[in-house]
Amino acid sequence: FFSFGDYERDLYPKLQINVKNIYPAGSLRWASFLNHIKKENHSLEKYNSDICLIPEHLAKGMHSTFGLNAKTRKKINDPKLLENINIKKGFLDIIKYTIKFCIKNNMKLVVPLKYCKISEPAAYKIEYNFFKDNLESNEFNYFNSCFIENERGNFSSYRAVKNSKVTVGTVSTLLRDKLGTGGKILSCNLTKAEMYNFPIGGICSLNNCTYLEFEKRLLEIYSISKESYFSKMDKKPDYVMRFNKNNSTINLIREKLLQLGVNQN
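Being a predicted model, the structure only gives us computed values, none of them experimental.

(A) Summary view of the sheet that holds strand β8 (residues 205-207). Within the open sheet, the six strands sit side by side as β5-β4-β3-β6-β7-β8. Their pairing is parallel. With one partner strand each, in any of the chains shown, β5 (147-148) and β8 form the two edges of the open sheet. By the bridge criterion, four bridges tie strand β6 (residues 164-169) to strand β7 (residues 184-189) in an arrangement that is parallel. Its bridge partner being in β7, V168 is matched across the sheet by L186. Packed onto the sheet, helix α5 (residues 87-104) meets β3 (49-53), β4 (109-112), β6 and β7 and runs at close to 170° relative to β3.

This is the structure:
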């Protein structure tokens, strides 16, 4: 099993998933993205930002159960459980916090959408309407002005993440991509569900906080050097995402397959 990092070695036994061999190799998609942009010369200015927000959304009647054991999954529709573990509210609050932060501190925000308007119109509509229906009109108008439309094949989300000074989100793999490649992130879990806590503690993660706590942490992350930032985490970035600028994930996987005697033709 090719994993992003060593985190999966710790996670899978907890989920009672038996894997004989795990090979931390990093992100194949991120490696493909880097290959894609290697020879580009055109401007990527529209992707530059102070803050890139990776928004999560939860459409009505949909409840994410990733990371929950079978017993808990059976209870996921229990109103009492959903009252305590409010995934929808948590996802919305991080959006609201980020909007407020960027307006108050005069910072440029970009928000890459997950679904493509052309190739995935139904999913795009659900995503867009979730934000429109659950944000105040002034919040949505600002949020809407910051959208980066998803362009399949152009790695639009990856471009936005790479060209941000800080990327903010909850559970997106893009947070791990950014951190693993030497960028600064803030993973903020406001759902009260521990399954959404970021695997690395310290400056890069914050759970169940007030807006003022969020603002203070994000301002700190934004202003300090990368050296200082990475010194304030309890694990190294490669715990969640391996990255070697001299030997891409694509090459690592090819090399391992050859060692295992797999015919790649």
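Now that the structure has been shown, we can carry on.
(B) Highlighting the layout of surface pockets. When its volume is computed, the second largest pocket comes out at roughly 220 Å³. Together, 16 residues line the second largest pocket, and A31, L34, F243, N244 and S248 are the ones closest to its centre. It is helix α2 (residues 28-37) that contributes the most residues to the lining of the second largest pocket, four residues altogether. Taken together, the residues that form the lining of the second largest pocket break down as five nonpolar, seven polar and four charged.

(C) Structural context of the nonpolar core. Counting 48 residues, the largest nonpolar core has I51, F131, F143, V168, F214 and Y229 as its most contacted members. When residues of this core are assigned to their parent elements, the largest contribution, seven residues, is made by α5.

(D) How the structure looks around the pattern of salt bridges. All chains considered together, the criterion is met by nine salt bridges. Of the charged contacts, one joins R176 and E8 as a salt bridge, the two residues approaching to 2.7 Å between their closest N and O atoms. A residue pair is termed long-range when its members are at least 10 positions apart, and R176 in helix α9 (residues 173-180) and E8 in helix α1 (residues 7-14) qualify at 168 residues. The same class applies to R176 and to E8, which are both buried. When salt bridges that share partners are traced, they join D6, R9 and R242 into one network.

(E) Spatial organisation of the packing of aromatic side chains. Counting across every chain of the model gives 21 aromatic pairs. Between the aromatic rings of W30 and F33, the centroid separation amounts to 5.2 Å while the plane-to-plane angle is 65°, which identifies the pairing as edge-to-face. Taken together, the residues W30 and F33, both in helix α2 and three residues apart, mark about one turn of the helix. Three or more aromatic residues joined by ring pairs make a cluster, and in this case those are Y124, Y128, F130, F131, F140, F143 and F147. The cationic tip of K100 hangs over the ring face of Y211; the distance from NZ or CZ to the ring centre is 4.3 Å. The residue whose ring lies beneath K235 is Y239, and the NZ or CZ to ring-centre distance is 5.2 Å.

(F) Expanded view of the side chain of N150. With respect to the secondary-structure elements, N150 resides in the loop between β5 and α8 (156-162). In terms of polar contacts, N150 uses its side chain to reach the backbone carbonyl oxygen of L113, at 3.2 Å. Not counting the four nearest positions on each side in its chain, N150 is found in contact with L113, K114, Y115, C116, S156 and S157.

Rules of the game
- Residues numbered from 1 in each chain as written.
- Predicted model: local features only at pLDDT ≥ 70, side-chain atom pairs only at ≥ 80, totals over all residues.
- Heavy atoms only, no water.
- Pairing = 2+ DSSP bridges.
- Helix = DSSP H or I, 4+ residues; strand = E, 2+ residues; numbered from the N terminus.
- Contact = heavy atoms within 4.5 Å.
- Axes fitted to C-alpha atoms, helices over the stretch in contact; angles between N-to-C directions.
- 1 Å grid on protein atoms, 1.4 Å probe; cavity = no way out; pocket = protein on both sides within 12 Å on 5 of 7 lines; lining within 4 Å.
- Points joined across faces, edges and corners; volume = space filled by probe spheres on them.
- Nonpolar A, V, L, I, M, F, W, Y, C, P; charged D, E, K, R; others polar.
- Core = buried A, V, L, I, M, F, W, Y, C linked by side-chain atoms within 4.5 Å.
- Buried < 20%, exposed > 50% of the residue type's maximum accessible area, 1.4 Å probe, protein only.
- Salt bridge = Lys/Arg side-chain N within 4 Å of Asp/Glu carboxyl O.
- Phe/Tyr/Trp six-rings, centres within 6.5 Å; stacked < 30°, edge-to-face > 60°.
- Lys NZ or Arg CZ within 6 Å of the ring centre and 35° of its normal.
- Polar contact = N/O pair within 3.5 Å; in protein donor to acceptor, adjacent residues only side chain to side chain.

As far as function goes, none of this settles anything; it's purely spatial.
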